[in-house]
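Descriptive analysis of the structure
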Amino acid sequence: MSILRDMFSAFKGGVSEAGEAVVDSQAIRIFEQNIREADAAIKEASRSLTILKGKEIQLKRKLDETSEDIGDWEAKAIAALDSGREDLATKAAERIAEITTEHDSLKDEHDALRKEVLELNTLIQQRKRTLEKTRNELERVKTTDQIQKATSKISSNFAATNSKTNRVQESLDRIRKKQQAHKDNMKAGEWMEEKNETDSLDKEFSEAGIGGDASPAADDILARLKKKSGKG
Amino acid sequence: MSEILEELVLRLNTHSTPEGTTFFAELKDELIHVVCSNNEEFPINIVKTDMQILTVSHLFSEDEVMDGKLDELNKIMLQLNPSIPLSSVGLKDGQYILFGAMAVDTLFENLAHELGVQAENVIELLDAVSPMLASNEIRGIKS
(Lines give C-alpha, C1' and ligand atoms only; values in the text may rest on other atoms or scores of the structure.)
Protein backbone atom coordinates (compact mmCIF):
# COMPACT_ATOMS: atom_id res chain seq x y z
CA MET A 1 0.00 0.00 0.00
CA SER A 2 1.27 3.42 -0.89
CA ILE A 3 -0.57 6.13 0.95
CA LEU A 4 0.60 8.90 -1.39
CA ARG A 5 -0.63 7.04 -4.46
CA ASP A 6 -3.96 6.38 -2.75
CA MET A 7 -4.28 10.04 -1.92
CA PHE A 8 -3.46 10.99 -5.49
CA SER A 9 -6.20 8.68 -6.76
CA ALA A 10 -8.60 10.10 -4.23
CA PHE A 11 -7.82 13.69 -5.28
CA LYS A 12 -8.18 12.79 -8.96
CA GLY A 13 -11.42 11.04 -8.22
CA GLY A 14 -12.70 14.28 -6.76
CA VAL A 15 -13.05 13.07 -3.21
CA SER A 16 -13.51 16.35 -1.44
CA GLU A 17 -12.15 15.30 1.90
CA ALA A 18 -9.48 12.96 0.64
CA GLY A 19 -7.43 13.21 3.80
CA GLU A 20 -10.32 12.04 5.91
CA ALA A 21 -11.33 9.33 3.49
CA VAL A 22 -7.88 7.81 3.21
CA VAL A 23 -6.56 8.44 6.65
CA ASP A 24 -8.92 7.39 9.34
CA SER A 25 -7.95 6.19 12.76
CA GLN A 26 -8.80 2.64 11.68
CA ALA A 27 -6.09 2.80 8.99
CA ILE A 28 -3.55 4.00 11.53
CA ARG A 29 -4.49 1.21 13.92
CA ILE A 30 -4.13 -1.38 11.17
CA PHE A 31 -0.74 0.03 10.22
CA GLU A 32 0.42 0.01 13.81
CA GLN A 33 -0.82 -3.55 14.28
CA ASN A 34 1.04 -4.65 11.12
CA ILE A 35 4.21 -3.02 12.36
CA ARG A 36 3.93 -4.62 15.80
CA GLU A 37 3.40 -8.05 14.23
CA ALA A 38 6.27 -7.62 11.77
CA ASP A 39 8.49 -6.43 14.60
CA ALA A 40 7.58 -9.44 16.73
CA ALA A 41 8.20 -11.80 13.77
CA ILE A 42 11.63 -10.28 13.20
CA LYS A 43 12.53 -10.63 16.87
CA GLU A 44 11.39 -14.26 16.82
CA ALA A 45 13.39 -14.95 13.64
CA SER A 46 16.44 -13.27 15.18
CA ARG A 47 16.18 -15.55 18.20
CA SER A 48 16.01 -18.60 15.89
CA LEU A 49 18.97 -17.24 13.98
CA THR A 50 20.99 -16.94 17.19
CA ILE A 51 20.22 -20.56 18.13
CA LEU A 52 21.04 -21.83 14.61
CA LYS A 53 24.26 -19.84 14.48
CA GLY A 54 25.22 -21.32 17.86
CA LYS A 55 24.64 -24.82 16.53
CA GLU A 56 26.63 -23.99 13.42
CA ILE A 57 29.60 -22.84 15.51
CA GLN A 58 29.35 -25.99 17.63
CA LEU A 59 29.32 -28.22 14.54
CA LYS A 60 32.26 -26.34 13.06
CA ARG A 61 34.26 -27.03 16.23
CA LYS A 62 33.36 -30.75 16.06
CA LEU A 63 34.30 -30.76 12.40
CA ASP A 64 37.69 -29.22 13.17
CA GLU A 65 38.20 -31.76 15.96
CA THR A 66 37.49 -34.71 13.63
CA SER A 67 39.86 -33.24 11.03
CA GLU A 68 42.55 -33.07 13.70
CA ASP A 69 41.75 -36.64 14.80
CA ILE A 70 42.13 -37.86 11.22
CA GLY A 71 45.49 -36.07 10.99
CA ASP A 72 46.59 -37.63 14.31
CA TRP A 73 45.61 -41.17 13.29
CA GLU A 74 47.26 -40.76 9.90
CA ALA A 75 50.49 -39.78 11.64
CA LYS A 76 50.11 -42.77 13.97
CA ALA A 77 49.47 -45.14 11.03
CA ILE A 78 52.56 -43.88 9.20
CA ALA A 79 54.63 -44.29 12.39
CA ALA A 80 53.32 -47.88 12.79
CA LEU A 81 54.18 -48.69 9.15
CA ASP A 82 57.63 -47.17 9.63
CA SER A 83 58.24 -49.44 12.62
CA GLY A 84 56.99 -52.46 10.71
CA ARG A 85 53.73 -52.82 12.70
CA GLU A 86 51.24 -53.23 9.87
CA ASP A 87 48.67 -54.71 12.27
CA LEU A 88 48.61 -51.43 14.20
CA ALA A 89 48.63 -49.45 10.96
CA THR A 90 45.54 -51.40 9.83
CA LYS A 91 43.75 -50.64 13.12
CA ALA A 92 44.67 -46.96 12.70
CA ALA A 93 43.35 -47.04 9.12
CA GLU A 94 40.07 -48.55 10.34
CA ARG A 95 39.81 -45.79 12.93
CA ILE A 96 40.51 -43.20 10.23
CA ALA A 97 37.70 -44.68 8.10
CA GLU A 98 35.29 -44.41 11.07
CA ILE A 99 36.25 -40.83 11.85
CA THR A 100 36.08 -39.87 8.16
CA THR A 101 32.53 -41.20 7.95
CA GLU A 102 31.63 -39.13 11.03
CA HIS A 103 33.47 -36.14 9.59
CA ASP A 104 31.60 -36.36 6.26
CA SER A 105 28.26 -36.61 7.98
CA LEU A 106 29.14 -33.66 10.22
CA LYS A 107 30.25 -31.68 7.19
CA ASP A 108 26.94 -32.30 5.40
CA GLU A 109 25.07 -31.22 8.50
CA HIS A 110 27.29 -28.18 8.91
CA ASP A 111 26.89 -27.14 5.26
CA ALA A 112 23.12 -27.44 5.46
CA LEU A 113 23.03 -25.44 8.69
CA ARG A 114 25.33 -22.78 7.29
CA LYS A 115 23.05 -22.36 4.28
CA GLU A 116 20.03 -22.13 6.55
CA VAL A 117 21.72 -19.46 8.67
CA LEU A 118 22.56 -17.39 5.59
CA GLU A 119 19.03 -17.71 4.22
CA LEU A 120 17.44 -16.80 7.52
CA ASN A 121 19.75 -13.83 7.85
CA THR A 122 18.82 -12.61 4.36
CA LEU A 123 15.14 -13.05 5.18
CA ILE A 124 15.49 -11.05 8.39
CA GLN A 125 17.28 -8.24 6.58
CA GLN A 126 14.54 -8.17 3.94
CA ARG A 127 11.85 -8.09 6.61
CA LYS A 128 13.65 -5.28 8.38
CA ARG A 129 13.70 -3.25 5.17
CA THR A 130 10.01 -3.92 4.62
CA LEU A 131 9.28 -2.94 8.21
CA GLU A 132 11.24 0.28 7.76
CA LYS A 133 9.19 1.04 4.63
CA THR A 134 5.98 0.32 6.51
CA ARG A 135 7.11 2.61 9.32
CA ASN A 136 7.73 5.43 6.79
CA GLU A 137 4.34 4.73 5.29
CA LEU A 138 2.74 5.00 8.73
CA GLU A 139 4.61 8.25 9.29
CA ARG A 140 3.02 9.61 6.09
CA VAL A 141 -0.40 8.51 7.29
CA LYS A 142 0.13 10.08 10.70
CA THR A 143 1.52 13.27 9.16
CA THR A 144 -1.52 13.57 6.94
CA ASP A 145 -3.74 12.96 9.94
CA GLN A 146 -1.92 15.50 12.11
CA ILE A 147 -1.89 18.17 9.40
CA GLN A 148 -5.58 17.56 9.04
CA LYS A 149 -5.98 18.13 12.76
CA ALA A 150 -3.80 21.26 12.68
CA THR A 151 -5.55 22.85 9.71
CA SER A 152 -9.08 22.07 10.80
CA LYS A 153 -8.27 23.58 14.20
CA ILE A 154 -6.92 26.74 12.62
CA SER A 155 -9.77 27.08 10.18
CA SER A 156 -12.42 26.58 12.83
CA ASN A 157 -10.65 29.23 14.92
CA PHE A 158 -10.66 31.77 12.15
CA ALA A 159 -14.16 30.85 11.04
CA ALA A 160 -15.40 31.68 14.51
CA THR A 161 -13.66 35.01 14.70
CA ASN A 162 -13.34 36.06 11.06
CA SER A 163 -16.07 34.65 8.95
CA LYS A 164 -16.48 37.73 6.74
CA THR A 165 -14.25 40.24 4.94
CA ASN A 166 -10.96 40.28 3.16
CA ARG A 167 -9.47 38.83 6.29
CA VAL A 168 -5.92 38.48 4.94
CA GLN A 169 -5.66 42.08 3.80
CA GLU A 170 -7.00 43.39 7.07
CA SER A 171 -4.61 41.24 9.06
CA LEU A 172 -1.70 42.38 6.93
CA ASP A 173 -2.74 45.99 7.48
CA ARG A 174 -2.84 45.48 11.23
CA ILE A 175 0.59 43.83 11.15
CA ARG A 176 2.02 46.71 9.10
CA LYS A 177 0.56 49.23 11.53
CA LYS A 178 2.10 47.37 14.44
CA GLN A 179 5.45 47.19 12.65
CA GLN A 180 5.23 50.92 11.89
CA ALA A 181 4.38 51.70 15.52
CA HIS A 182 7.35 49.65 16.59
CA LYS A 183 9.63 51.53 14.19
CA ASP A 184 8.19 54.87 15.38
CA ASN A 185 8.89 53.93 18.98
CA MET A 186 12.44 53.00 18.06
CA LYS A 187 12.89 56.36 16.32
CA ALA A 188 11.36 58.19 19.28
CA GLY A 189 13.80 56.43 21.54
CA GLU A 190 16.73 57.45 19.33
CA TRP A 191 15.43 61.03 19.20
CA MET A 192 15.14 61.19 22.98
CA GLU A 193 18.68 59.96 23.33
CA GLU A 194 20.00 62.50 20.82
CA LYS A 195 17.98 65.29 22.43
CA ASN A 196 19.34 64.53 25.87
CA GLU A 197 22.85 64.69 24.46
CA THR A 198 22.17 68.02 22.69
CA ASP A 199 20.51 69.51 25.78
CA SER A 200 23.41 68.66 27.96
CA LEU A 201 25.83 70.14 25.42
CA ASP A 202 23.76 73.37 25.21
CA LYS A 203 23.78 73.52 28.98
CA GLU A 204 27.54 73.15 29.08
CA PHE A 205 28.01 75.98 26.57
CA SER A 206 25.55 78.26 28.29
CA GLU A 207 27.19 77.65 31.65
CA ALA A 208 30.49 78.57 30.06
CA GLY A 209 28.88 81.86 28.89
CA ILE A 210 29.08 80.86 25.24
CA GLY A 211 26.03 80.94 22.90
CA GLY A 212 24.24 83.89 24.59
CA ASP A 213 20.89 84.12 26.30
CA ALA A 214 18.58 81.44 25.00
CA SER A 215 15.23 83.14 25.81
CA PRO A 216 14.39 86.26 23.78
CA ALA A 217 13.49 89.42 25.67
CA ALA A 218 9.82 90.56 25.78
CA ASP A 219 10.84 93.87 24.12
CA ASP A 220 12.21 92.05 21.12
CA ILE A 221 9.01 90.06 20.71
CA LEU A 222 6.84 93.17 20.99
CA ALA A 223 8.95 94.94 18.38
CA ARG A 224 8.58 92.00 16.02
CA LEU A 225 4.80 91.83 16.48
CA LYS A 226 4.46 95.61 15.92
CA LYS A 227 6.42 95.26 12.72
CA LYS A 228 4.13 92.46 11.60
CA SER A 229 0.95 94.46 12.21
CA GLY A 230 2.44 97.45 10.32
CA LYS A 231 2.61 99.74 13.34
CA GLY A 232 6.29 99.40 13.91
CA MET B 1 3.65 12.40 24.21
CA SER B 2 1.59 15.10 25.92
CA GLU B 3 4.30 15.51 28.57
CA ILE B 4 6.74 16.49 25.86
CA LEU B 5 4.18 18.92 24.42
CA GLU B 6 3.47 20.38 27.85
CA GLU B 7 7.16 21.01 28.39
CA LEU B 8 7.39 22.59 24.97
CA VAL B 9 4.53 24.96 25.83
CA LEU B 10 6.23 25.94 29.06
CA ARG B 11 9.54 26.61 27.35
CA LEU B 12 7.94 28.58 24.51
CA ASN B 13 6.06 30.82 26.94
CA THR B 14 9.28 31.77 28.72
CA HIS B 15 11.53 32.03 25.68
CA SER B 16 12.74 34.95 23.64
CA THR B 17 14.68 34.39 20.42
CA PRO B 18 17.90 36.32 19.71
CA GLU B 19 15.75 38.43 17.35
CA GLY B 20 13.47 39.31 20.26
CA THR B 21 10.49 37.17 19.22
CA THR B 22 8.38 35.89 22.09
CA PHE B 23 5.60 33.31 22.08
CA PHE B 24 2.22 32.70 23.61
CA ALA B 25 1.56 28.96 23.50
CA GLU B 26 -1.39 26.82 24.59
CA LEU B 27 -1.85 23.05 24.50
CA LYS B 28 -5.18 21.71 23.31
CA ASP B 29 -5.93 18.13 22.20
CA GLU B 30 -2.30 17.16 21.50
CA LEU B 31 -1.86 20.33 19.49
CA ILE B 32 0.06 23.46 20.44
CA HIS B 33 -1.43 26.75 19.37
CA VAL B 34 1.29 29.43 19.22
CA VAL B 35 1.04 33.16 18.69
CA CYS B 36 4.41 34.70 17.78
CA SER B 37 5.06 38.30 18.78
CA ASN B 38 6.27 39.16 15.28
CA ASN B 39 2.98 38.06 13.73
CA GLU B 40 0.05 37.96 16.11
CA GLU B 41 -2.51 37.72 13.32
CA PHE B 42 -1.54 34.32 11.93
CA PRO B 43 -0.96 31.77 14.70
CA ILE B 44 0.99 28.56 14.21
CA ASN B 45 -0.19 25.11 15.20
CA ILE B 46 2.40 22.56 16.26
CA VAL B 47 1.71 18.86 15.91
CA LYS B 48 4.00 15.94 16.59
CA THR B 49 4.30 12.49 15.05
CA ASP B 50 6.76 9.66 15.79
CA MET B 51 9.34 11.12 13.45
CA GLN B 52 8.75 14.82 13.13
CA ILE B 53 7.41 18.04 14.52
CA LEU B 54 5.20 19.97 12.13
CA THR B 55 4.49 23.68 12.45
CA VAL B 56 1.45 24.67 10.44
CA SER B 57 0.14 28.16 9.60
CA HIS B 58 -3.18 28.61 7.90
CA LEU B 59 -2.89 31.15 5.08
CA PHE B 60 -6.27 31.35 3.38
CA SER B 61 -8.98 29.15 1.91
CA GLU B 62 -9.53 28.39 -1.75
CA ASP B 63 -12.76 30.35 -1.65
CA GLU B 64 -10.86 33.48 -0.62
CA VAL B 65 -9.07 33.49 -3.99
CA MET B 66 -10.41 35.83 -6.69
CA ASP B 67 -12.60 34.20 -9.33
CA GLY B 68 -10.55 32.77 -12.19
CA LYS B 69 -7.23 33.33 -10.40
CA LEU B 70 -6.84 29.93 -8.76
CA ASP B 71 -4.56 28.33 -11.39
CA GLU B 72 -2.33 31.40 -11.54
CA LEU B 73 -2.13 31.56 -7.77
CA ASN B 74 -1.24 27.87 -7.53
CA LYS B 75 1.58 28.35 -10.02
CA ILE B 76 2.91 31.39 -8.20
CA MET B 77 2.78 29.56 -4.87
CA LEU B 78 4.83 26.70 -6.36
CA GLN B 79 7.30 29.19 -7.81
CA LEU B 80 7.67 31.05 -4.53
CA ASN B 81 7.96 27.91 -2.43
CA PRO B 82 11.72 27.27 -2.91
CA SER B 83 12.49 30.88 -2.01
CA ILE B 84 10.83 30.71 1.39
CA PRO B 85 13.43 29.90 4.02
CA LEU B 86 12.71 26.85 6.20
CA SER B 87 9.03 26.65 5.23
CA SER B 88 6.96 25.04 2.52
CA VAL B 89 3.51 25.82 1.19
CA GLY B 90 0.79 23.24 0.86
CA LEU B 91 -2.89 22.76 0.21
CA LYS B 92 -4.96 20.71 2.60
CA ASP B 93 -8.69 20.25 2.17
CA GLY B 94 -9.14 23.57 0.43
CA GLN B 95 -6.90 25.45 2.84
CA TYR B 96 -3.55 26.87 1.86
CA ILE B 97 -0.97 26.30 4.55
CA LEU B 98 2.62 27.23 5.22
CA PHE B 99 4.46 24.64 7.24
CA GLY B 100 7.82 23.62 8.59
CA ALA B 101 8.97 20.10 9.44
CA MET B 102 11.68 19.22 11.93
CA ALA B 103 13.11 16.00 13.29
CA VAL B 104 11.40 15.02 16.49
CA ASP B 105 14.64 15.42 18.47
CA THR B 106 15.41 18.89 17.16
CA LEU B 107 16.87 21.36 19.66
CA PHE B 108 14.33 23.66 21.28
CA GLU B 109 16.26 26.75 20.12
CA ASN B 110 16.01 25.55 16.50
CA LEU B 111 12.29 25.03 16.85
CA ALA B 112 11.83 28.51 18.36
CA HIS B 113 13.95 30.01 15.58
CA GLU B 114 11.91 28.20 12.96
CA LEU B 115 8.65 29.45 14.48
CA GLY B 116 9.92 33.05 14.34
CA VAL B 117 11.02 32.63 10.73
CA GLN B 118 7.74 30.96 9.78
CA ALA B 119 5.73 33.81 11.28
CA GLU B 120 7.74 36.22 9.11
CA ASN B 121 7.36 33.97 6.06
CA VAL B 122 3.59 34.08 6.41
CA ILE B 123 3.61 37.88 6.24
CA GLU B 124 5.98 37.94 3.27
CA LEU B 125 4.06 35.35 1.32
CA LEU B 126 0.63 36.82 2.00
CA ASP B 127 1.97 40.23 1.10
CA ALA B 128 3.03 38.82 -2.28
CA VAL B 129 -0.19 36.99 -3.09
CA SER B 130 -2.76 39.22 -1.40
CA PRO B 131 -3.60 41.03 -4.68
CA MET B 132 -5.05 37.72 -5.87
CA LEU B 133 -7.28 37.29 -2.87
CA ALA B 134 -10.84 38.51 -3.14
CA SER B 135 -11.47 41.82 -1.47
CA ASN B 136 -14.45 42.54 0.70
CA GLU B 137 -16.32 44.48 -1.97
CA ILE B 138 -15.77 41.97 -4.74
CA ARG B 139 -16.92 39.12 -2.59
CA GLY B 140 -19.88 41.18 -1.51
CA ILE B 141 -20.93 41.67 -5.13
CA LYS B 142 -20.31 38.02 -5.90
CA SER B 143 -22.70 36.87 -3.22
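To start, this report covers the structure provided alongside it. (Residues numbered from 1 in each chain as written. Chains lettered and ligands numbered in written order. Predicted model: local features only at pLDDT ≥ 70, side-chain atom pairs only at ≥ 80, totals over all residues. Heavy atoms only, no water.)

1. Some words on the packing of aromatic side chains
The final tally for this structure, using the stated rule, is one aromatic pair over all chains. Both rings, one in B:Phe60 and one in B:Tyr96, keep their centres 4.8 Å apart while their planes meet at 35°; by these two values the pair is tilted. In this pair, B:Phe60 sits in strand S4 (residues 52-61) while B:Tyr96 sits in strand S6 (residues 95-103), placing the two residues 36 residues apart along the sequence. For B:Phe60, a relative accessible area of 0% corresponds to the buried category. According to the relative accessible area criterion, B:Tyr96 is buried, its value standing at 3%. The ring of A:Trp73 has A:Lys76 sitting right over it, with the charged end atom 4.1 Å from the ring centre. (Phe/Tyr/Trp six-rings, centres within 6.5 Å; stacked < 30°, edge-to-face > 60°. Helix = DSSP H or I, 4+ residues; strand = E, 2+ residues; numbered from the N terminus. Buried < 20%, exposed > 50% of the residue type's maximum accessible area, 1.4 Å probe, protein only. Lys NZ or Arg CZ within 6 Å of the ring centre and 35° of its normal.)

2. Here we look at the sheet that holds S6(B)
All names here are of chain B. One open sheet holds the six strands; their spatial order is S1-S2-S3-S4-S6-S5, and the pairing between them is antiparallel. Sheet topology places strand S1 (23-28) and strand S5 (88-92) at the edges, where each strand pairs with a single neighbour. If you compare each strand with its neighbour and ignore which way they point, the axes differ by 30° on average. Relative to S6, S4 runs antiparallel, the two being bridged by nine bridges. By the bridge assignment for S6, Thr55 is matched with Gly100. Along the sheet face, helix H2 (residues 70-80) touches S4, S5 and S6 and points at about 20° away from the line of S6. (Pairing = 2+ DSSP bridges. Axes fitted to C-alpha atoms, helices over the stretch in contact; angles between N-to-C directions. Contact = heavy atoms within 4.5 Å.)

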